[in-house]
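What the coordinates show
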Amino acid sequence: MSKKPPQNSFFASHTNSRHSDKWHERVAQVAYRFNRQYQNESFELPAEVQAMPIYQEWVAGILPGRIVSPFWEIAQPQKNQHCLDIGCGVSFLIYPWRDWQAFFYGQEVSNVARDTLNSRGSQLNSKLFKGVELGPAHYLNYSQDQFDLAIATGFSCYYPLEYGTAVLEEVKRVLKPGGHFVFDILNPEQPLAEDWAVLETYLGAEVFLEPVAEWEKTIKAAGAKVVARRSGELFDLYKVRF
């Protein structure tokens, strides 16, 4: 298992009391896991994990392409829309935001990803790139009714369903009336799911294998209506409207 995250890995710049909640430790652990990846640090994994085919694909760089959630296939950002990418990583640098001509706002728990995007995003397109805030998905550093579209892919699996409820409530707050939220959930029925969960746990972030049916109950309880869905090799994408 990975070491515990250093205390300054994420929350050093977040002294606001609202961040001192029960999700603090888990958010910090996820931030630490991805900071290490973005800094190209080596991960020491047991031999039995390294022998797994999924680990070999991860090392070879094949795995990300297999499991990425192409949110644009069910919710492509439109010209002049204000879009929030939650847990954005380096999204603005690798996805065709310039082709979409949509305004990009981000929020990210990895300070390494945040700093990379904020230093390079405006160079790529200063008109469309509106900056990335450092913070967790359940406390968005943006105003009410600000966005036409919110995106959250690649991280819900690191938290229990209760956290998903908190994120849905917060996204509802920042979306304009009629706006859409597209996000992915890990489908535990997929053949890759258990091995991927093992790999990610050893990389430093525990994975929750929550049933899809329970996720759909959570979505409904949050007052969201599913308007589109797409299944992938590991994650299922949902597009919802509140």
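Residues numbered from 1 in each chain as written. Predicted model: local features only at pLDDT ≥ 70, side-chain atom pairs only at ≥ 80, totals over all residues. Heavy atoms only, no water.

Looking at the pairing of strand β3 (residues 129–134)
Direction of pairing for strand β2 (residues 103–108) relative to β3: parallel, over a ladder of four bridges. Across the sheet, Gln107 pairs through a bridge with Glu133, a residue of β3. For the handedness criterion, the β-α-β arrangement of β2, helix α8 (residues 111–124) and β3 is classed as right-handed. (Pairing = 2+ DSSP bridges. Helix = DSSP H or I, 4+ residues; strand = E, 2+ residues; numbered from the N terminus. Right-handed = clockwise from strand over helix to strand, strands pointing away.)

Digging into unusual backbone geometry
Positive phi, close to 55 degrees, is recorded for Asn40, a residue that is not glycine. Mapped onto the elements of the fold, Asn40 is located in the loop between α1 (24–38) and α2 (47–50). Within the chain, Asn80 stands out as a residue other than glycine whose phi angle is a positive 70 degrees. Structurally, Asn80 is set in the loop between α5 (72–75) and β1 (82–86).

Quick word on the pattern of salt bridges
Counted by the stated rule, this structure contains 13 salt bridges. Notably, a salt bridge pairs Arg36 with Glu41, separated by 3.2 Å at the nearest N-O pair. Among the ionic pairs, Glu170 bridges to Arg173, the shortest N-O distance being 2.9 Å. Of this pair, Glu170 and Arg173 are both found in helix α9 (residues 161–174), three residues apart, which corresponds to roughly one turn of the helix. Accessibility expressed as a relative area gives 11% for Glu170, which makes it buried. The exposure class of Arg173 is partly exposed, given its relative accessible area of 27%. (Salt bridge = Lys/Arg side-chain N within 4 Å of Asp/Glu carboxyl O. Buried < 20%, exposed > 50% of the residue type's maximum accessible area, 1.4 Å probe, protein only.)

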